[in-house]
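Chain by chain, the residues:
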Protein chains: 2
Amino acid sequence: MNILITNDDGIHAPGIFAIKQALEMIADVLVVAPDTERSAVGHAITLSDPLRVSEIHKENSFFGYAVNGTPADCVKLGLRCLSEKSIDVVVSGINMGPNTATNIMYSGTVSAAAEAVIMGVPGLAVSLTSFDTPEFEYSCSLAQQLVKKIVENGLPEGTLLNVNVPPLKPDEIEGIVITRQGKGRYEEFFDKRIDPNNRIYYWMTGKRMNLDHEDDVDDVVIRQKKVSITPIRYDLTDTDMLQKLHLWNIEK
Amino acid sequence: MNILITNDDGIHAPGIFAIKQALEMIADVLVVAPDTERSAVGHAITLSDPLRVSEIHKENSFFGYAVNGTPADCVKLGLRCLSEKSIDVVVSGINMGPNTATNIMYSGTVSAAAEAVIMGVPGLAVSLTSFDTPEFEYSCSLAQQLVKKIVENGLPEGTLLNVNVPPLKPDEIEGIVITRQGKGRYEEFFDKRIDPNNRIYYWMTGKRMNLDHEDDVDDVVIRQKKVSITPIRYDLTDTDMLQKLHLWNIEK
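## A closer look at the packing of helix α2 (residues 71–82) of chain A against helix α3 (residues 108–118) of chain A
Residues and elements named next belong to chain A.
(1) Moving on: Taken N-terminus to C-terminus, the directions of α2 and α3 make an angle of 30°; their axes are 8 Å apart at the nearest point. Accordingly, the angle class assigned to the pair α2 and α3 is roughly parallel. Crossing angle aside, the handedness with which α2 passes α3 is right-handed. Taking contact as the criterion, the partners of Pro71, Ala72, Cys74, Val75 and Lys76 in α2 are, on α3, Gly108, Thr109, Ser111, Ala112, Glu115 and Ala116.
(2) Moving on: A breakdown of the residues in the contact of α2 with α3 according to their chemical character gives six nonpolar, three polar and two charged.

See the structure below:
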């Protein structure tokens, strides 16, 4: 089994180190990841600049390739150029911070898995729902299980699995739920400041709004100390609205 | 009526100039757009850097605000900070180049309209399906019509309209079709080169694959010299797969 690993926290993040160690116990792995953090880059790709690739060594052995691009760039470059083998699954993570509800749209972690499925390779995105508690043990064993199941069962063309794990020890996890994407989002504010040269600048900040309450929604499940697994696909047509639009009588 | 206009080609692109002129004939408009081209940035947002805003003047009058951020940043900043009025519709464009099929995922133009609908404001993305023929006349009049219809009829929460217009004169356009998102995508290649300092670099390039043939698909309609209007929503759950995943017996 051959696995390509990437992330959006960058190749030096602890989450990608942890998942590489876990997955190389069950497969041949290749790491291709951004050289620095690329969070919230969504599905950005790099068309106007050349991409550079560096070999990264950790603990005296080859760890993987660092790319001066986005997570989606890493998947494209990994699958097309850097891997000498045919890849069975692309795993993105382990991200620090949740990738649930509306936030999936901004997520470099999920976009990397989406890029994989666009290219015809099954994708798995794994996020820990904490920004500061690197409790990777459960995520690692679950990723091992899911990768095996993905290879065994396959995934429909265009579909990836988006997994969010609470930052708890394995015996504190209360279960696993197959979920839907929630509607929760950030309410943004801009902090307007004046720099030392008297120029205005803005910091984007925000407060998470919990808009979901049903027991089968990603954000809700996480609050119940359970793992959320959401099958995601980027078939964006609003089929209901498609019918209604015919009634608008748009004129040429 | 109050309209916020943005794009991903940057505030100095001809397409945003054209659509501003058209829409200010029917509404009060505010332009908030990236200071430079931000194509293929997807739904990236800027969290780690401060945002700067500059006033841009064209032809001796205020044209709009330029932001050192992404199209999604511009919409957030425009709606939250820069507009003094309540915005009725966010219009993104006119983009040079198609935003159809799988490419929607990489599109800053469409992401700006998506950001609007996340924030509860109807969104309209307008693209001309040519990279070099700035034939904006038909796009401008259609945008006028669609903005009025959006305000009149409303759009479902979470839904935007993604419009692609062939680069033709109004009398050459063969019709308007309500479409589905296609499956067409780019087959990427990487051009590996050596720089003058003997370091390797890669250029991403690609060839468009036409994978769609049905008459109600965005890419197909464009090839028939017709306008494509696709209702898009970012409800990403794969509901079929959701049922099937229960059969995988994933163990805690």
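Still to come is the rest of the account.
## Re the relation of the copies chain B and chain A
(1) Moving on: The two copies are related by a screw motion: chain B maps onto chain A through a turn of 180° and a shift of 0.0 Å along the axis, at an RMSD of 0.0 Å. The two molecules are tied by a two-fold rotation axis, judged by turn and shift. Residues of chain B ranked by C-alpha distance from the rotation axis are headed by Gly42 of chain B, positioned 2.8 Å from it.

## Topic: the sheet that holds strand β6 (residues 123–128) of chain A
Residues and elements named next belong to chain A.
(1) Moving on: Here nine strands make up an open sheet; going across it, the order is β3-β4-β2-β1-β5-β6-β7-β11-β8 and the pairing mixed. Two strands bound the open sheet, and with one partner strand each, they are β3 (53–58) and β8 (176–178). Strand-to-strand, the axes of this sheet are offset by a mean angle of 25°, without reference to chain direction.
(2) Moving on: When strand β1 (residues 2–6) meets strand β5 (residues 89–96), the two strands line up parallel, connected through four bridges. Following the sheet pairing, Ile3 is matched in β5 by Val89.
(3) Moving on: Taken strand by strand, helix α1 (residues 14–23) contacts β1, β2 (28–34), β5 and β6, and its axis lies near 140° from that of β5.
(4) Moving on: Strand contacts of helix α4 (residues 137–153): β1, β5, β6, β7 (159–165) and β11 (227–233), with the helix running at about 165° to β6, the strand carrying the most contacts.

The rules behind the values
- Residues numbered from 1 in each chain as written.
- Chains lettered and ligands numbered in written order.
- Predicted model: local features only at pLDDT ≥ 70, side-chain atom pairs only at ≥ 80, totals over all residues.
- Axes fitted to C-alpha atoms, helices over the stretch in contact; angles between N-to-C directions.
- Helix = DSSP H or I, 4+ residues; strand = E, 2+ residues; numbered from the N terminus.
- Parallel < 35°, antiparallel > 145°, perpendicular 65-115°, else oblique.
- Left-handed = near helix turned anticlockwise from the far one by under 90°.
- Contact = placed C-beta atoms within 7 Å.
- Nonpolar A, V, L, I, M, F, W, Y, C, P; charged D, E, K, R; others polar.
- Least-squares fit on C-alpha atoms with pLDDT ≥ 70 in both.
- Pairing = 2+ DSSP bridges.

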